[in-house]
Amino acid sequence: MQLDIGYSVSAKLVQGILIATENMGLSSADLLAAIGLSPIAIAHPDDRITHRQWAALWQAIAQQTNDPSAGAQLAALTQFESFSVTGYAMSHSATLEAALTRLTRYSRLLYEGMEFSLVIEGAIAQLTYQTVSPALVLPAISVGWTLANIMLWAERNLGESWPLIKINLQQPAPADQTAYTRIFNAPLHFNTETNALLFDASWLNAPLLRPDSGLCEVLDRYADSLLASLPRSDEFMQRLHHLLAELLTEALPKREPTLEVLSQRLGYSPRTLQRKLQMAGTSFQTVLDTLRQQLAYQYLQNPQITNSEIAWLLGFSEDSAFNRAFRRWQGMSPGSYRKALQMTS
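Residues numbered from 1 in each chain as written. Predicted model: local features only at pLDDT ≥ 70, side-chain atom pairs only at ≥ 80, totals over all residues. Heavy atoms only, no water.

### Examining the sheet that holds strand E6 (residues 188–190)
Here comes step 1: If you trace the five strands from one edge of the open sheet to the other, you get E3-E4-E7-E5-E6, paired in mixed fashion. What marks the edges here is a single partner per strand, and that holds for strand E3 (114–121) and E6. With strand direction ignored, the average angle separating the axes of adjacent strands in the sheet is 15 degrees.
Here comes step 2: Here three bridges tie strand E5 (residues 164–169) to E6, and the two strands are oriented parallel to one another. Opposite Leu-169, over in E6, you have Phe-190 as the bridge partner.
Here comes step 3: Relative to the sheet, helix H6 (residues 96–106) contacts E3, strand E4 (124–131) and strand E7 (195–200), its axis offset from that of E3 by approximately 145 degrees.
Here comes step 4: With respect to the sheet, helix H7 (residues 140–158) is in contact with E3, E4, E5 and E7, its orientation differing from that of E7 by roughly 25 degrees. (Pairing = 2+ DSSP bridges. Helix = DSSP H or I, 4+ residues; strand = E, 2+ residues; numbered from the N terminus. Axes fitted to C-alpha atoms, helices over the stretch in contact; angles between N-to-C directions. Contact = heavy atoms within 4.5 Å.)

### Looking at the nonpolar core
Here comes step 1: If you look at the biggest cluster of nonpolar residues, it comprises 67 residues, and the most contacted ones within it are Trp-54, Trp-162 and Phe-184.
Here comes step 2: Residue contributions to this core peak at eleven residues, all from H7.
Here comes step 3: Every residue in contact with Trp-54, bar those within four places of it in the chain, is listed here: Val-9, Leu-13, Val-14, Ile-17, Ile-49, Tyr-111 and Leu-138.
Here comes step 4: Ranked by size, the runner-up nonpolar core spans 34 residues in total, among them Leu-240, Leu-248, Phe-322 and Phe-326. (Core = buried A, V, L, I, M, F, W, Y, C linked by side-chain atoms within 4.5 Å. Buried < 20%, exposed > 50% of the residue type's maximum accessible area, 1.4 Å probe, protein only.)

### Comments concerning the pattern of salt bridges
Here comes step 1: A complete count under the given rule lists five salt bridges for this structure.
Here comes step 2: When the shortest N-O distance is used, the salt bridge between Asp-220 and Arg-102 registers 2.9 Å. In this pair, Asp-220 is assigned in helix H9 (residues 213–229) and Arg-102 in helix H6, connecting sequence segments 118 residues apart. Take Asp-220 and Arg-102: they sit in the same class, and that class is buried.
Here comes step 3: Notably, a salt bridge pairs Glu-112 with Arg-108, separated by 3.0 Å at the nearest N-O pair.
Here comes step 4: A relative accessible area of 2% places Glu-112 in the buried class. (Salt bridge = Lys/Arg side-chain N within 4 Å of Asp/Glu carboxyl O.)

### A word on the side chain of Thr-146
Here comes step 1: Relative to the assigned elements, Thr-146 resides in helix H7.
Here comes step 2: Classification of Thr-146 as buried rests on a relative accessible area of 1%.
Here comes step 3: Not counting residues up to four positions away in its chain, the partners in contact with Thr-146 are Tyr-111, Phe-116 and Tyr-129.

### Notes on the packing of aromatic side chains
Here comes step 1: With the rule as written, the count across this model stands at 14 aromatic pairs.
Here comes step 2: Between Phe-326 and Tyr-337, the ring centres sit 5.3 Å apart and the planes meet at 70 degrees, which makes this aromatic pair edge-to-face. With Phe-326 in helix H15 (residues 319–330) and Tyr-337 in helix H16 (residues 334–343), the pair connects residues that are eleven residues apart, well separated along the chain. For the pair Phe-326 and Tyr-337, one class covers both residues: buried.
Here comes step 3: An aromatic cluster of at least three residues, connected via ring pairs, comprises Trp-54, Trp-58, Tyr-111, Phe-116, Tyr-129 and Trp-145.
Here comes step 4: Over the face of the ring belonging to Phe-316 we find Arg-292, whose NZ or CZ atom lies 4.0 Å from the ring centre. (Phe/Tyr/Trp six-rings, centres within 6.5 Å; stacked < 30°, edge-to-face > 60°. Lys NZ or Arg CZ within 6 Å of the ring centre and 35° of its normal.)

### Looking at unusual backbone geometry
Here comes step 1: We note that Asn-185 has phi near 50 degrees; this positive angle belongs to a residue other than glycine.
Here comes step 2: Residue placement: Asn-185 occurs in the loop between helix H8 (178–184) and E6.
Here comes step 3: Unusually for a residue other than glycine, Asn-191 sits at a positive phi of about 60 degrees.
Here comes step 4: Here Asn-191 is to be found in the loop between E6 and E7.
Here comes step 5: On the basis of relative accessibility, which here comes to 32%, the residue Asn-191 falls in the partly exposed class.

### Brief notes about the pairing of E4
A regular strand places its side chains on the two faces of the sheet in alternate fashion.
Here comes step 1: Where E3 lies against E4, eight bridges are found, and the strand directions are antiparallel. Residue pairing for E4: Glu-115 is matched across the bridge by Gln-130.
Here comes step 2: Between E3 and E4, which pair antiparallel one after the other, the connecting turn spans two residues, and Gly-122 there sits at a positive phi close to 65 degrees.
Here comes step 3: The pairing of E4 with E7 spans six bridges and is classified as antiparallel. The residue bridging Tyr-129 from the neighbouring strand is Asn-195, located in E7.

### Notes on the environment of Glu-246
Here comes step 1: Relative to the helices and strands, Glu-246 is located in helix H10 (residues 235–248).
Here comes step 2: Residue class for Glu-246 comes out partly exposed when judged on its relative accessible area of 44%.

### So, H6
Here comes step 1: Considered for burial, the residues of H6 that qualify are Leu-96, Ala-99, Leu-100, Arg-102, Leu-103 and Tyr-106. One side of H6 holds all its buried residues, which, seen down the axis, span an arc of 155 degrees.
Here comes step 2: Among the structural elements, helix H5 (85–91), E3, E4, H7, E7 and H9 are those in contact with the buried residues of H6. (Arc of directions from axis to C-beta.)

Laid out in C-alpha cells, this is it:
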C-alpha cells in the first residue's frame, strides 16, 4: 500500500508511458487493470491519477517485463517534450541551463511528490531527482525511465551527444547492468544518497536547436497559470508524514512514536490531532503502520541494511514485532520478500 497524501500525476504522462509499453509488446489494458484504472480515467489530458496509482503502474510494468532496466529502455520509446507544456517550454529554451531551470520549476505539472534540483558546484553541475518525503517511494524502474528520458531529451535538443560524468542511482546495483550502461553510456553509481545526472557545468551554456524567446514567454505564463490552478496537496497530512518519518529515525533511546509526541511536534493537543485525523478518514495507528510499510519496502531493497537494522529504523521494539507486521502487510517474511526482489534484479 503506497502512501497517498494528495500527490498526483498527469494523465498525459501516463498515456505516454502506456504507448511506449505497447511498443515494447505489453498490453496497456492489462497494466491499467492491474492497478484498478479504466482507460476513461486517463482519457483527458487534464486528468490526473494518484501517486499511489503511478507507483503501482511501474510495479506492474516491472512484474510483466521481469527486467529492472525496462524503465531506461522505455525512455527510448518516449519523448519528454511531448508530455506537457513543461517539456515543450524546455525544448524552446535558449540554453540547456534555461531548459533545466524550467524543469525544476514546472515538473509539478507532470508529477507531484517528486522534485528536480539543479546544483552547480565549481566545474560540476548535477540535476538531482528525488521524492519530497521519505514516505513516498517509487520503484527503481521509474527512476531509470525519468533520468534516461532527460538525457535523451537533452541530446535531441542539443543536436549532439551529452557526455555525462556519472549517473547516481539510489537503488541497489542490479546483477546485470548491461542495459543501463548501453543507454546512459556513463559511469553508474548505485546506493547513492540521491538520483542525479552529473555533467561538466560548461554544458549549461550550450545552445538548444530551437530557441524561441517569444514562445517561451507565452508558455511560461501558461505553465504558471496551470501551477496556480493545480489543487494543493493536503499540507496537514504532508507535514504529519514528514514529522512521523523523522520520529522513526531519531537517535536513541529508541521508542515507538506516540500520538502524544507527534501532537506536541505538530503544535496540537492529542485530542485535536485525533479529530483532524478522523476528518481525514484515518487514524494515528493507520498512518504509522502505512509509513512503516513503505519504508520497509524501501529499506529491504538495500542489501547492506539487515532485517534487525530495519526493525530498529522503523521503531519496532524487537525483530519479531517487525516480522509479524511485515507478514501482515505482504503475506511473507522480510527474508522471503528480499529473495523475491533478488529474483527480479
